[in-house]
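Reading the structure
If you want the building blocks of each chain, they are given just below.
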Amino acid sequence: MNPFLSADQQRGLVLASRSPRRAEIMRGLGLAFEVDPAPEHLEDGVLPDDPFRLPELLAERKCEHVARRRLDGIIIAADTVVIVDGDILNKPASDEQARDFLARLAGRSHDVVTAVAIRGVSRRVALAGSERTRVTFRELSAVEIAAYVATGEGRDKAGSYAAQGLGAGLIRSIDGCFFNVVGLPASLLLDLLKRT
């Protein structure tokens, strides 16, 4: 049980994600939940004018999709993007693209935006919000980038790195919520659940 939420606010939680990192954060918060992931194709074709709006649109879309197939529960969906120079760096399609992403981030700052959407199926509640964290990478050589990409750790991660793993060695500083960079801002999640 989470001490910051009532029993009712944490009853029937459903995580609409396959992400083991999001599940780990929720377990760390003392939350009991079921996993019912939204399909990945829901991310296709969503291109807002403002890249900072994309994760919220995707999180809401995932949340709504899972809520439609359930009779009850509080659905929690999230989406994370890495933004540099106004461009979105999604999960890399190949190791070559991962190397390109990391070379672009090396020695520079970028934004990590994670949105969380919550829908109470029987409560008629729909909430969403997002968290933005500024991450600065240290300078990286081509050899270091290739060595990190070869580990495979960043293959399924926005921006091609994992801040909670070997990728911590890429980072010089984080300004904002660390859990946001991992994929689920804990304080935002709790704030939204308190409103259900």
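All of the points below concern the structure found in this document. (Residues numbered from 1 in each chain as written. Predicted model: local features only at pLDDT ≥ 70, side-chain atom pairs only at ≥ 80, totals over all residues. Heavy atoms only, no water.)

A few points about the side chain of Thr80
Summarising the element assignment, Thr80 is placed in strand β3 (residues 74–84). With relative accessibility at 15%, the residue Thr80 sits in the buried group. Of note is the side chain of Thr80, whose polar atom sits 3.1 Å from the side chain of Arg22. Here the side chain of Thr80 touches Thr114 through a polar contact of 2.8 Å, side chain to side chain. In this structure, Thr80 is in contact with Arg22, Val112, Val113, Thr114, Ala158, Asn180 and Gly183, ignoring residues within four places of it in sequence. (Helix = DSSP H or I, 4+ residues; strand = E, 2+ residues; numbered from the N terminus. Buried < 20%, exposed > 50% of the residue type's maximum accessible area, 1.4 Å probe, protein only. Polar contact = N/O pair within 3.5 Å; in protein donor to acceptor, adjacent residues only side chain to side chain. Contact = heavy atoms within 4.5 Å.)

Considerations on the environment of Ala103
Relative to the helices and strands, Ala103 resides in helix α3 (residues 95–105). Sequence separation between Ala103 and Asp156 is 53 residues, and the spatial gap between their C-alpha atoms is 17 Å.

With respect to empty space enclosed by the protein
Rolled over the atoms, a probe with the dimensions of a water molecule shows which regions are left empty. On inspection of all chains with the given rule, the structure shows one cavity of 30 Å³ or more. Computed from the structure, the largest cavity encloses a volume of approximately 40 Å³. As for the largest cavity, its lining consists of Ala98, Tyr148, Val149, Gly152, Gly154, Arg155 and Ser160. (1 Å grid on protein atoms, 1.4 Å probe; cavity = no way out; pocket = protein on both sides within 12 Å on 5 of 7 lines; lining within 4 Å. Points joined across faces, edges and corners; volume = space filled by probe spheres on them.)

So, the packing of aromatic side chains
For the structure on display, the rule yields two aromatic pairs. On the basis of an interplanar angle of 75° and a centroid distance of 4.8 Å, the ring pair of Phe137 and Tyr161 is categorised as edge-to-face. Placement of the pair is Phe137 in strand β6 (residues 125–137) and Tyr161 in the loop between α4 (142–151) and β7 (171–175), with a sequence separation of 24 residues. Comparing Phe137 with Tyr161 shows no difference in burial state: the two are buried. Between Phe178 and Phe179 the ring centres are 5.9 Å apart and the planes differ by 70°, which places this aromatic pair in the edge-to-face class. On the accessibility criterion, Phe179 (41% relative accessible area) is partly exposed. (Phe/Tyr/Trp six-rings, centres within 6.5 Å; stacked < 30°, edge-to-face > 60°.)

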